[in-house]
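Chain by chain, the residues run as shown.
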Amino acid sequence: MSIGSLTVRPLDPLKDAELLHSWVTHPKAAYWMMQDAAPQDVEREYLRIAAHEHHDAYLGLHDGLPAFLMEKYDPRYVELVGLYDPEPGDVGMHFLVAPTDRPIHGFTRAVITAVMEELFADPHTRRVVVEPDVSNKAVHALNEAVGFVPVREIDKPEKRALLSFCTREQFSAARGAAV
């Protein structure tokens, strides 16, 4: 069964904030740590990201309709400063699948695969870095499915995180194994 088309476009903080607010405050998005955010808080956060030269946000579309959020960042300047030794070509990533009343089997895995494809489409990207909450077992399994290897736990101001890496080769090998 085909999932359909997954694409991304740059996020428009002003136009997309109301939609994002409904996603990031949903109980399913607890690890996004914005449960109590007001709509203007979400708008302000994504305006901040849009203004940051080392952090970008994208709206993911499923057959042309909003379905997920993707962020990419340079870990030398955002999120992981001083918490590990970045290598040339490292790119940090966050993703969030929108809540739905009609889940599609395999959709979240298709989304993380599409996100990784988007990141590795840039020839300068050598390795993707993630730092999910250590207790987020569901995302650890998804990360492993696309080739991430956990390195160690780290303490961030807002959480205890599992620092994990995925090289282009690891992603390619994981995709080959998934076929």
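Here is a short report on the structure shown in this document.

Basis of the calculations
Residues numbered from 1 in each chain as written. Predicted model: local features only at pLDDT ≥ 70, side-chain atom pairs only at ≥ 80, totals over all residues. Heavy atoms only, no water. Pairing = 2+ DSSP bridges. Helix = DSSP H or I, 4+ residues; strand = E, 2+ residues; numbered from the N terminus. Axes fitted to C-alpha atoms, helices over the stretch in contact; angles between N-to-C directions. Contact = heavy atoms within 4.5 Å. Phe/Tyr/Trp six-rings, centres within 6.5 Å; stacked < 30°, edge-to-face > 60°. Buried < 20%, exposed > 50% of the residue type's maximum accessible area, 1.4 Å probe, protein only. Parallel < 35°, antiparallel > 145°, perpendicular 65-115°, else oblique. Left-handed = near helix turned anticlockwise from the far one by under 90°. Nonpolar A, V, L, I, M, F, W, Y, C, P; charged D, E, K, R; others polar.

**Quick notes on the sheet that holds strand β6 (residues 149-156)**
Strands pair in a sheet through their backbones, by hydrogen bonds, and they do so in one of two ways: parallel or antiparallel.
Next, step 1: Within the open sheet, the seven strands sit side by side as β1-β2-β3-β4-β5-β7-β6. Their pairing is mixed. The outermost strands of the open sheet, each flanked by one partner alone, are β1 (6-10) and β6. Strand after strand, the sheet turns through a mean of 30° between neighbouring axes, direction not considered.
Next, step 2: Alignment of strand β5 (residues 127-130) against strand β7 (residues 159-167), held across four bridges, turns out to be antiparallel. Following the sheet pairing, V129 is matched in β7 by F165.
Next, step 3: Those strands touched by helix α2 (residues 39-51) are β2 (55-62) and β3 (65-73), and its axis lies near 115° from that of β2.

**Things to note about the packing of aromatic side chains**
Next, step 1: Per the counting criterion, the structure on display carries two aromatic pairs.
Next, step 2: Centroid distance Y84 to F165: 5.5 Å. Interplanar angle 45°. Geometry classified as tilted. On the criterion of sequence distance, the pair formed by Y84 in the loop between β3 and β4 (90-97) and F165 in strand β7 is long-range, its members being 81 residues apart.
Next, step 3: On the basis of relative accessible area, Y84 is assigned to the buried category, the value being 7%.

**With respect to the packing of helix α3 (residues 107-120) against helix α4 (residues 137-145)**
Next, step 1: Two elements in contact, α3 and α4, have axes whose closest approach is 10 Å; the angle formed by their N-to-C orientations is 55°. If you check the angle between α3 and α4, you find them oblique. α4 is crossed by α3, and the crossing has right-handed handedness. Together, T108, R109 and I112 of α3 and L142, N143 and A145 of α4 make up the contact between the two elements.
Next, step 2: Class assignment of the residues belonging to the contact of α3 with α4 gives a composition of three nonpolar, two polar and one charged.

**Regarding the packing of helix α1 (residues 13-24) against α2**
Next, step 1: Running from N to C, α1 and α2 point in directions that differ by 125°, and their axes come no closer than 8 Å. For the element pair α1 / α2, the angle class is oblique. You can see that α1 and α2 cross each other, and the crossing is right-handed. Listed contacts from α2 to P13, L14, A17, L20, H21 and V24 of α1 are P39, V42, E43, Y46, L47 and A50.
Next, step 2: Of the residues contributing to the contact of α1 with α2, the split by class is 10 nonpolar, one polar and one charged.

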